[in-house]
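Remarks on the overall topology
These are the residues of each chain, in order.
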Amino acid sequence: KAFSRPSIVYPAPSSGCLASRSLPSAQMAALGSAWVWLVLGALLANMLPSIVLGPQSAAAAWGWSPSPSPGNASAAVPLGPASSDDVAGAQAQLAKAYAQFEKMPSEELRDLPVVTSPVTLTMGAVELKTPWIGGSFMTRGWNGGIPGPTIRVKPGETLQVLLKNNLGHGPGYEACNFNLTQLGLFMNPDAICALNHTNLHLHGLHVSPEGDSDNMIKKVAPGESTMYTIQIPKNHMGGTHWYHPHFHHATAAQAGGGAHGAIIVDDPPGYLPKFVEDMPEKLAFLSLVNVAKMMRLEDWGNSKLGAVVWNQTLWKNSLYKNWKWNPLSLVIEEHGNAIKDGAGLKPYVAVNGQFRPKTTIKEGKWYRFRFVLAAIEQRVEIRVDPTAKNQARCEFQLLAKDGVYLNEAPRPIEKIFLVSGSRADVAIRCVCQPSFMFPWATTRPCESHLTYTAIWQPMGLGDTGLAVTVEETTDRMLTLVTESSVAPTPTMDPEIEPFAVRRPCYLADLTKVTVAKENTHSVDLPQLYPMMIKVDGKGYVWGHEQPPALAEIPVGQIQEWHVTGIRYHPLHVHVNPYQITSIYNDPYYHIGDWHDTFFPTGTGFATIRFNIDTFTGKMITHCHLLEHEDNGMMGWFKITGKEGTTWAGAKTYDPTCYNEAFPGAVAPKKPVVWR
């Protein structure tokens, strides 16, 4: 580790490796409370010397000393007597790098490479530019890029993916203390390990979770390869999804660090109204780069990325190559002096791997933007910045969320809410407008800045919907340059007429269904401790090994869950999307909407329903704040019954739904003629 820590001897389990999972609930609660107070006390104890003595004297008072990095003793850098010039120099270099970042011209948004089955995904070391602090950062990615290539598939297709792991040798689960990973502790260093082992999750796809399909239990060690074969159902709805690693204890470092890419299931011909089908598409894959958290995870994981020793030399930048995560002070340090997030390590959003790019659109024309967000923890809110020069007026019309079309689209919105893992398909149209000073003149081209606010709210106050904002960053994300081929009056696309698509039966409306009592459950995501999913009051921390199932649920039936804790833990469920049937006053999540990742901003509880359709096996459920998942906030439901069973009541509630290939659009109803 970057700094030596006290040696602690942990008692061995009394009866086999699973004994630690059998602690009584009262004992677990007492241990959790003790841990929370210990963390708070440690934070306060580490803050007081800095407040009273200043960061340098505090470091000396605590007697911090570096220890050699595992596998590279020469990489250790002695602290030595630190002068005030060290901090001042580092801060000056940060300021210079950020000033250059502010002046950096916007590149045209690039189109990501598109691949179709069979696909090869190679996990390896990738260099990620960090222009706001200068230099670059080494992380993990697919096929040498961040994000990876976009995979396009069609309903009914067999998707084959060869996964190759080209990461350097690194320890597996043996690098984590088994006893501590079982406790479900928040920000637990012993739950971050095996960072160079990997696998593949197809986030959002309604496919089998077993065998060589979307099976997150699979392991691909460094130097190994494996083949995934995923059968896409014939009636799979077209939509925007994504893929990323899902190897437990390494998901945050990998998926949040850059190893992600988009999956687009194509709409069958004639599925959408012609004016929506003909919209030009633009994919905006948002990678929220949080360098400070990535450094901390790498330090805790103690892995090597190829020849790079992570916890010593992280940047290819000689100005501050010795920055390290200090697990005692919980900050990034240079020569023993704190350089906090406010000094330049706030998270920034890369769009298709570019920072603050631009894209050119035609004035008055609708474009379909497919937004995908990959992040370790933060959620983002996207809006139009009203202060842009030659401001364009832009409209947002929501078409789909999490790869499922709205029951009635479009829906006008002012902001796009995305949490790690969620997606939004939004139709955007921009027009140039006269300036305030010269209302008779319109300047073309005009532009509009899409800005984002990245918010980290790791803890809340019960189920009140109130949450403490620990970190918030606002910046320009993407500039829309609006050009007109005809001035002064451009051609305007017509307004988007409301439409409803014909739905596959696994997405038939469930809002009016009567759910059997035995299929109704309470699902709780505890606020801070323990990091687990609780079902009907019972739960397990997912340590190294798979815990018991949270419940058994039958295929071909409807489930209703009353969920709590979702104000500070976004709920993600594999295999089957869910429909919101009850929620209180949320601006973005409406009753009737379908999701697979859910993080309301105004309440901590809701009711959702599932159609447990076709597939049996493990239905994974977890918090999609990825470090929480690695800490153990994950569980699984055992779907029982005969593979291929579908819900018999689907056509009762939606007579036009289909279980096979898309049969064609439903003819519009003729209006009633009154005589």
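Reading the values: the criteria
- Residues numbered from 1 in each chain as written.
- Predicted model: local features only at pLDDT ≥ 70, side-chain atom pairs only at ≥ 80, totals over all residues.
- Heavy atoms only, no water.
- Helix = DSSP H or I, 4+ residues; strand = E, 2+ residues; numbered from the N terminus.
- Buried < 20%, exposed > 50% of the residue type's maximum accessible area, 1.4 Å probe, protein only.
- Contact = heavy atoms within 4.5 Å.
- Areas by Shrake-Rupley, 256 points an atom, 1.4 Å probe, with all protein chains shown as cover.
- Salt bridge = Lys/Arg side-chain N within 4 Å of Asp/Glu carboxyl O.
- Disulfide = S-S within 2.5 Å.
- Pairing = 2+ DSSP bridges.
- Core = buried A, V, L, I, M, F, W, Y, C linked by side-chain atoms within 4.5 Å.
- pLDDT = per-residue confidence, 0-100.
- Phe/Tyr/Trp six-rings, centres within 6.5 Å; stacked < 30°, edge-to-face > 60°.
- Lys NZ or Arg CZ within 6 Å of the ring centre and 35° of its normal.
- Polar contact = N/O pair within 3.5 Å; in protein donor to acceptor, adjacent residues only side chain to side chain.

So, the overall build of the chain
The helix and strand inventory of the chain stands at nine helices and 41 strands. Residues classed as buried in the chain amount to 57% of the 675 residues present. Of all intrachain contacts in the chain linking residues separated by at least 6 positions in sequence, the fraction that spans at least 24 positions is 79%. Put simply, the chain shows about 26,700 Å² of open surface, and 57% of that area lies on carbon and sulfur atoms.

Considerations on the pattern of salt bridges
Summed over all chains, the structure comprises 23 salt bridges. A salt bridge links K129 to E127; the nearest nitrogen and oxygen atoms lie 3.8 Å apart. Between R609 and E560 there is a salt bridge, with the nearest N and O atoms lying 2.7 Å from each other. Residue R609 is found in strand 39 (residues 605-611), and its partner E560 is found in strand 34 (residues 558-564); the two are separated by 49 residues along the sequence. The two residues R609 and E560 agree in class, both being buried. Taken together, the shared-partner salt bridges connect R152, K154, D266, D267, E281, R368, R370 and D425 into one network.

Brief notes about the state of the cysteines
Cysteine pairs can be covalently joined through their sulfur atoms, and such a bond is termed a disulfide. Scanning the model with the defined rule gives three disulfides in all. The disulfide that involves C432 links it to C446, with 2.0 Å between the sulfurs. Here the disulfide of C432 and C446 is left-handed, its torsion about the S-S bond being about -90°. Placement of C432 in strand 25 (residues 423-432) and of C446 in strand 26 (residues 446-456) is noted, with a sequence separation of 14 residues between them. Note on C432: relative accessible area 9%, which makes it buried.

Here's the deal with the sheet that holds strand 33 (residues 551-554)
To summarise the sheet geometry, strands pair through backbone hydrogen bonds and adopt either a parallel or an antiparallel arrangement. Within the open sheet, the five strands sit side by side as 33-41-40-35-38. Their pairing is mixed. The open sheet terminates on both sides in strands that have one partner only, identified here as strand 33 and strand 38 (597-598). Taken together, the six bridges between strand 40 (residues 617-623) and strand 41 (residues 634-640) define a ladder with antiparallel strand orientation. Within strand 41, the position partnered with I620 by the bridge is W636.

Points about helix 7 (residues 291-301)
For helix 7, the buried fraction is high: 11 of the 11 residues fall into the buried class. By the burial criterion, the buried members of helix 7 are V291, A292, K293, M294, M295, R296, L297, E298, D299, W300 and G301.

Quick notes on the nonpolar core
Within the largest apolar cluster, 126 residues are counted, with the highest numbers of intra-cluster contacts made by L286, F371, I382, I416 and M477. Excluding residues within four positions of it along the chain, L286 makes contact with V349, A350, V351, F371, V372, L373, A374, I382, L418 and M477.

Thoughts on the environment of I133
For I133, the position within the fold is in the loop between strand 2 (119-129) and strand 3 (136-142). Assessed through its relative accessible area of 0%, I133 is described here as buried. A sequence separation of 33 residues divides I133 from Q100, and the C-alpha atoms of the two residues are 9.4 Å apart.

Some thoughts on the confidence of the model for the chain
Overall, the predicted model of the chain reaches an average pLDDT of 79, with 74% of residues at or above 70. Taken together, the stretch residues 1-85 has pLDDT below 50 and engages in 109 contacts with residues farther than four places along the chain or on a different chain. Long-range and interchain partners of residues 460-465, a stretch whose pLDDT sits below 50, account for 18 contacts in this model, where long-range means more than four residues apart.

Things to note about the environment of F101
When you line up the elements, F101 lands in helix 3 (residues 84-103). Residue classification places F101 among the buried residues on the basis of a relative accessible area of 2%. A C-alpha to C-alpha distance of 5.8 Å links F101 and P131, two positions 30 residues apart in sequence. What F101 contacts, discounting residues up to four positions off in sequence, is P131, W132, Y348, F355 and R356.

Some words on the packing of aromatic side chains
Considering all chains together, one arrives at 20 aromatic pairs under this definition. Each member of the aromatic cluster is reached from another via a ring pair, and the members are F417, W561, Y578, Y588, Y589, F598, F610 and F637. The ring of Y228 is capped by K218, whose NZ or CZ atom sits 4.3 Å from the centre of that ring. Its guanidinium or amino end placed over the ring of W636, K618 lies 5.8 Å from that ring's centre, counting from NZ or CZ.

Structural notes on the side chain of E381
With respect to the helices and strands, E381 occurs in strand 20 (residues 379-385). The class for E381 is buried, based on a relative accessible area of 10%. A polar atom in the side chain of E381 sits 2.7 Å from the side chain of R379. Once residues within four sequence positions are removed from consideration, E381 is found in contact with K415, I416, F417, T451, Y452, T453 and I455.

A look at the pairing of strand 41
Extensive coverage of strand 41 is indicated by the burial of five of its seven residues. Looking at chain direction, strand 33 and strand 41 are connected through four bridges and run parallel. In the strand pairing of strand 41, P554 is matched with T640.

Some points on unusual backbone geometry
Cis geometry marks the peptide bond from S117 to P118, where omega comes out at 0°. Examined against the element boundaries, P118 turns out to sit in the loop between strand 1 (114-115) and strand 2. That bond from I146 to P147 is cis: its omega, -5°, falls within 30 degrees of zero. Looking at the secondary structure, you find P147 in the loop between strand 3 and strand 4 (150-153). Residues other than glycine seldom take positive phi values, yet A194 does so here, at roughly 55°. Residue position: A194 is located in the loop between helix 4 (178-181) and strand 6 (201-203).

Let's talk about the side chain of N235
Looking at the secondary structure, you find N235 in the loop between strand 7 (225-231) and strand 8 (239-244). From its side chain, N235 meets the backbone oxygen of Y658 in a polar contact 3.3 Å long. The residues contacting N235, other than those within four sequence positions of it, are P504, C505, Y506, Y658, N659 and E660.

Quick word on the sheet that holds strand 6
Overall, mixed pairing links the five strands, which are arranged 1-4-9-8-6 in an open sheet. One side of each edge strand has no neighbouring strand; the edge strands of this open sheet are strand 1 and strand 6.

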